[in-house]
Amino acid sequence: MWVHAPAALAAGVSAGTLIESTATATYTSGTYDGSVTSNTVTVRVDEVVDVTVTAQPTTAVVAGDPAALSFTITNTGNGPESFNLLVDTALAGNNFDVTVDGLFVDSNGNGVFDSGVDQAIASGTATPPISADNSLTVFVVVQLPAQATDGQTSQVRLTASAVTGTGSPGTIFAGQGVGGGDAVIGASGGDGSASASLVASLASVTLTKSAAIADPFGGSQPVPGATVTYTLTAVVAGSGQVENLLVENPIPAGTTYQPGTLKLDGANLTDAADTDAGSAGTSGIAVTIPAVSGGTTKVVTFGVTIN
């Protein structure tokens, strides 16, 4: 089932309900007391077509990672209704317009986008029927465009329009309601929309290098036998994070790596390619950091001897 728990929002009695009414009259004529019953008048309750759409709070979107924007479509009418869905990404005020990967129904009703589980539907096509007083969650899966920069914002709008029809409140669609009754457009006009806000969460890296020299005579001259300690400083900027940050440096010609000098943020790393972040040898050093958040600085140091 694709319907969620009732929200107690529908417009009164269920569409198609038969309301029956019969009158009686009693009277006295001389010594006679009588009563009569009227014919029964039956009124079929028309379907009111109404809907609301809400969107989740602001979502951070990372370059290369799809983001699922969550929208809730609530049938506030009094009968089952399907709604045509339309996604619009080119809204006024956007710093960037996202790329839409797809539109999906929350098939298992868990409120979380499950790739390969949730049913894909095309923009402009209809949802499954939503019962009165029930909601359906749909996901618009998007990705950042290449030109987006950190902190820029955008919006994506989802519009749901009743398959029965839309129009001014009170518009009648004869015979289109439940049980063959009429469908009457409610206060929403039979359609609704909401916009989900996005912010680009990106990160960038700058890498600088410096050298400190200690010569055999207590000075700082780059003579044979002097030690050169290189410091590589990686600064990660932005609100996002980088993954698999790899800092490498070949051993300069004319020098020899000093075993055991490789460090990350002041902590010793082994030279072997083992479980820690670094490795080093005669050809060069390499340090891999799985994830680094924006606003973080990572420092790699190692030493060589001038031949």
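Residues numbered from 1 in each chain as written. Predicted model: local features only at pLDDT ≥ 70, side-chain atom pairs only at ≥ 80, totals over all residues. Heavy atoms only, no water.

## Details of the nonpolar core
Part 1 of the reasoning: Among the nonpolar cores identified, the biggest contains 34 residues, and Leu69, Phe71, Ile73, Leu85, Val138, Val140 and Leu158 are the most heavily contacted of them.
Part 2 of the reasoning: Those elements that provide at least two residues to this core are β4 (51-55), β6 (67-75), β7 (83-88), β8 (99-105), β10 (135-143), β11 (153-162), β13 (183-185) and β14 (191-200).
Part 3 of the reasoning: Residue contacts for Phe71: discarding those within four places in its chain leaves Val53, Thr54, Ala55, Leu136, Thr137, Val138, Val140, Val156, Leu158, Ala194, Ser195 and Ala196. (Core = buried A, V, L, I, M, F, W, Y, C linked by side-chain atoms within 4.5 Å. Buried < 20%, exposed > 50% of the residue type's maximum accessible area, 1.4 Å probe, protein only. Helix = DSSP H or I, 4+ residues; strand = E, 2+ residues; numbered from the N terminus. Contact = heavy atoms within 4.5 Å.)

## A few points about unusual backbone geometry
Negative phi characterises most residues that are not glycine, and trans characterises most peptide bonds.
Part 1 of the reasoning: The phi dihedral of Asn244 is positive, around 50 degrees, even though this residue is not glycine.
Part 2 of the reasoning: By the secondary structure assignment, Asn244 is in strand β17 (residues 241-250).
Part 3 of the reasoning: Overall, Asn244 belongs to the exposed group, its relative accessible area being 57%.
Part 4 of the reasoning: Residue Asp265 is not a glycine yet carries a positive backbone phi of 50 degrees.

## What about the environment of Val51?
Part 1 of the reasoning: Looking at the secondary structure, you find Val51 in strand β4.
Part 2 of the reasoning: You can call Val51 buried: its relative accessible area is 3%.
Part 3 of the reasoning: Residues Val51 and Ser195, spaced 144 residues apart in sequence, show a C-alpha to C-alpha distance of 15 Å.
Part 4 of the reasoning: Apart from residues lying up to four places away in sequence, Val51 is in contact with Ile73, Thr74, Thr76, Phe83, Ala160, Ser188, Gly190, Asp191 and Gly192.

## Some details on the pattern of salt bridges
Part 1 of the reasoning: Scanning the model with the defined rule gives two salt bridges in all.
Part 2 of the reasoning: Salt-bridge contacts for Asp88 lead to Arg157; the nearest nitrogen and oxygen are separated by 3.0 Å. Placement of Asp88 in strand β7 and of Arg157 in strand β11 is noted, with a sequence separation of 69 residues between them.
Part 3 of the reasoning: The exposure class of Arg157 is partly exposed, given its relative accessible area of 31%. (Salt bridge = Lys/Arg side-chain N within 4 Å of Asp/Glu carboxyl O.)

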